[in-house]
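# A look at the structure
These are the residues of each chain, in order.
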Amino acid sequence: MRTVRNVVLGSIAAVTLTGALATAGFVYWVTRDLPGYETLANYEPPITTRVYGGNGLLIGEYARERRLFVPIDQIPDRVKQAFIAAEDKNFYSHPGIDVMGILRAVINDLRYPDQRAQGASTITQQVARNFLLSSERTISRKIREMVLAMRIDSTFSKDKILELYLNEIFLGENSYGVAAAATVYFGKSLDELTLSQTAFIAALPKAPSNYNPRRNLNAAVIRRNYVLGQMEENGYITAEDAQVAEDEPLVASNRPFGAVVADVDYFVEEVRRVLYNQYGEKALYDGGLQVRSTLDTRLQDIAVRNLRRGLIAYDHRHGWRGALKKLDMKGDWAAELKATPNRSGLPSWRVAVVTGYTNKNEAEIALREGDKGLIPLSGLAWARPSINNRLGPEVRRPADVVKVGDVVYVEALADDKAEEDTFGLRQVPAVNGAIVAIDPFTGHIVALSGGFSYGSSQFDRAMQAMRQPGSTFKPFVYSAALEQGYTPVTKVLDAPFAVEQGPFLPLWSPENYEAGEYLGLTTLRRRMELSRNVMTARLAHTIGMESVAETAERMGVYEKLPRFLANSLGAEVTTLLKMTTGYAEFVNGGRKLEPTLIDRVQDRFGKTVYKFDKRECKECSQAEWKGQEEPLLEEDKPQVLDPRTAYQMVSILEGVVQ
């Protein structure tokens, strides 16, 4: 018997030893080429580049992954506690893997084989997987993950591991890390989150898409309450705290990516182009640059509002061009209307279909979102038909403009007397425009819009469009004349004028806007105020186009202006930005201006890597004011126009406005 027992025990020992050796061999084989984890010590995650206006408001963001890195000592304890309770309650005591947690997961997997297998991954294991491994669900990957986790735990502090985890974890809506999630879901910083909101964010790592409150509110609330229960069970909060948080409605703010102010798309896109050209794609989208732009959001709002008002007024003077499309009101028109995109680019404009008329001379409409409304006669009285480029008869009833089934843009009327469901008829202007405002003493572009709306057209007419400046070029002709000894009271003849253009070409004879009307001898100031074409061409012919072209080139309006006399009347194309810069140089006393969208750029660590104004100011570093004079910086820009000429031109241009 003893011999048999010894044989059995020996066999068991042999099998056990063989199994152990086989297991050890397998573990060695799958972990022989583990990636180095030392790179985690110098972790620099992709961070969102953010652009701010001059007043500190966020106007744009660029990123592949929405992430805001926050050091562990800046993350509130409540946020740490929520994630530890939800993901790894033994985080501070285990060596990187939770053996008891693994055993529980194995038992549950055996008891419930039809359910999805439980991983029992610790926070350290998730760090190993997210940074160094793939997400494939295999035994070999799991073993590699566990070995790496133990190595990481023995090398780094628990706080460092938690910092890596909380800044790297994916939390849905393209947000990575807790700070980005707090901004995306609630528009808050981490220290502003309520307990309920904190618990919700800690609930997301398990399945961000499943627990998105905008798609599955009930599941999100259940998972949030589970996290609150775990926080209570682990002693982080009281039962009363948990109950109050559970009773709080879970409402996500759905903060859009990018600006917190409206109508800055053209400006932000131009900033993006500058940053891309200067720093490259990786720095732009992953580098976490902090960009202080020159935009004044108050002036931007004024500029955009008035540009649109002018374009709409011009468009209305040319009549109604018709509906966007026609729907068959006998079919499934509601679905077709809902599928019609809003390409106006204006959030206040909505897509609607005309469904009928009332006995009060109103058009009945159904909005794409399902609401109903009315367009009174006053809301479409402007929409007279365009007949041979002339306005047709006055609108007497809505049916003169819109028919049943017409899909149109409408906007709620702002009139205090208008009812809530009353709308005005709208159409995107056929003629577009742009506006630029520059600080004439710094070159800062304080407002810019390249069109009616970025949603309707992304082409930036302020920076990219080459257009004929026309009469706005005349001040540069007169500046050249003043530089040659003319004065504002020098008289020039306003009379018919013709010059030769060259062999086999007819004479060129410019005309005033008021054809056939001439003023005779008139002062330079007066002809500028009246914008007389013939006098300007005569003056340019007298002083020579070479002088005019050199003046325009020095002031940056053109790089090389052809010496044709017609160009004295603005026939050669340039950009709105260059023209605006030239005008700003008049106000700047004739000194050269370099227009800029960016004032300062800092890297992710706060170090300034670019500063627009490179002048040194030693006195500016004095922290205390003791009655000393305000420091004056030396002008480092070249003089492109005589200061006296610049002063005279500003005075003359004031006369134009007056």
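See above for the structure.
Residue numbers restart at each chain and count upward from 1, following the sequence in its written direction. Thresholds applied to this predicted model are a pLDDT of at least 70 for local features of residues and 80 or more for the giving and counting of side-chain atom pairs; totals over whole chains, interfaces and linings are not thresholded and use all residues. To obtain the side-chain values, all non-hydrogen atoms of the structure were used and water was disregarded.

### Quick notes on the sheet that holds strand β18 (residues 598–602)
- A pair of strands is treated as paired once DSSP finds two or more bridges between them. Numbering of helices and strands runs from the N terminus, with a helix taken as a DSSP run of H or I at least four residues long and a strand as a DSSP run of E at least two residues long. Taking strand neighbours across the sheet as the criterion, the five strands line up as β2-β1-β5-β18-β19 in an open arrangement whose pairing is mixed. Edge positions in the open sheet fall to β2 (58–62) and β19 (608–611), since each of these has one partner strand only. Across the sheet, the mean angle separating the axes of adjacent strands is 15° when strand polarity is ignored.
- As judged from the three bridges shared by β18 and β19, these two strands associate in the antiparallel manner. Looking at the pairing, V601 lines up with Y610 of β19.
- For this analysis, residues touch if any pair of their heavy atoms sits within 4.5 Å. Here an angle of 0 to 180 degrees is reported between the N-to-C directions of two axes, which are lines fitted to C-alpha atoms, with helices fitted over the stretch in contact. Running at roughly 45° to β2, helix α11 (residues 265–279) makes contact with β1 (49–52), β2, β5 (290–293), β18 and β19 of the sheet.

### Details of helix α19 (residues 576–587)
- Here α19 spans 17 Å end to end across 12 residues, near enough to the 16 Å set by a 1.5 Å rise per residue.
- Using a 1.4 Å probe on the protein chains alone, a residue whose accessible area is under 20% of its type maximum counts as buried, one over 50% counts as exposed, and one in between counts as partly exposed. Along α19, the positions that sit buried rather than exposed are L577, M579, T580, T581, G582, A584, E585 and F586.
- Of the residues trailing α19, G589 is marked for its positive phi of about 75°. Multiplying 1.5 Å by the helix residue count minus one yields the expected span of that helix.

### A few points about the packing of helix α2 (residues 77–87) against helix α6 (residues 158–168)
- Their axes nearest at 12 Å, the elements α2 and α6 cross at an angle of 90°. The orientation of α2 with respect to α6, classified from their angle, is roughly perpendicular. Contacts between α2 and α6 involve K80, F83, I84 and E87 from the former and L162, Y165 and L166 from the latter.
- Of the residues belonging to the contact of α2 with α6, the class tally is five nonpolar, no polar and two charged. Oblique is the label for any angle not under 35 degrees, not over 145, and not in the 65 to 115 range, which are roughly parallel, roughly antiparallel and roughly perpendicular in turn. Under the convention adopted here, Pro, Cys and the residues Ala, Val, Leu, Ile, Met, Phe, Trp and Tyr are nonpolar, Asp, Glu, Lys and Arg are charged, and Gly plus all remaining residues are polar.

### Re the pattern of salt bridges
- A side-chain nitrogen of Lys or Arg and a carboxyl oxygen of Asp or Glu constitute a salt bridge if their distance falls within 4 Å. Applying the stated criterion across every chain, the model contains 35 salt bridges.
- Where R214 meets E173, a salt bridge forms, and the shortest distance between an N and an O atom there is 3.2 Å. Taken together, the residues R214 in the loop between α8 (195–203) and α9 (217–233) and E173 in the loop between α6 and β4 (175–176) connect sequence positions 41 residues apart.
- Of the charged contacts, one joins R615 and D613 as a salt bridge, the two residues approaching to 2.9 Å between their closest N and O atoms.
- Given the relative accessible area of 24%, R615 is considered partly exposed.
- Overall, the relative accessible area of 29% leaves D613 in the partly exposed class.
- Taken together, the shared-partner salt bridges connect R64, E281, K282 and D286 into one network.

### As for the side chain of E270
- With respect to the element layout, E270 can be found in helix α11.
- Relative accessible area serves as the criterion here: at 6%, E270 is assigned to the buried category.
- One polar contact links E270 to R273, side chain to side chain, over a distance of 2.7 Å.
- If we skip the residues at most four places from it in the chain, E270 touches D460, M463, Q464 and L597. A 3.5 Å cut-off defines polar contacts: any pair of N or O atoms within that distance qualifies, except that in protein one atom must be a possible hydrogen donor and the other a possible acceptor, and neighbouring residues in sequence count only when both atoms are side-chain atoms.

### Overview of the nonpolar core
- The set of buried Ala, Val, Leu, Ile, Met, Phe, Trp, Tyr and Cys residues whose side-chain atoms join them within 4.5 Å is what this entry labels a nonpolar core. Residues L190 and I201 are the most contacted members of the largest nonpolar core, which totals 51 residues.
- Listed by contribution, the elements that provide at least two residues to this core are α2, α4 (123–132), α5 (139–155), α6, α7 (178–186), α8, α9 and α10 (239–247).
- Here L190 is in contact with V70, I75, P76, V79, V178, A179 and A182, once residues within four sequence places are set aside.
- Counting residues in each nonpolar core, the second largest holds 35 residues, with A537, V548, L561 and L565 among its members.

### Considerations on the pairing of strand β8 (residues 362–367)
- Most of β8 sits out of view: five of its six residues are buried.
- The sheet contact formed by strand β7 (residues 349–357) and β8 spans five bridges and is antiparallel. Bridge pairing in β8 places G356 opposite E364.
- Counting the residues that bridge the hairpin from β7 to β8 gives four residues, and of these N361 lies at a positive phi of roughly 65°.
- Two strands pair when backbone bridges link them, and β8 and strand β9 (residues 372–376) are joined in this way by five bridges, in the antiparallel orientation. For E362, the partnering residue across the bridge sits in β9 and is P376.
- Hairpin geometry of β8 and β9 is characterised by an intervening segment of four residues between the two adjacent antiparallel strands and by a positive phi of about 110° at G370.

What is shown is where atoms sit, not what they do.
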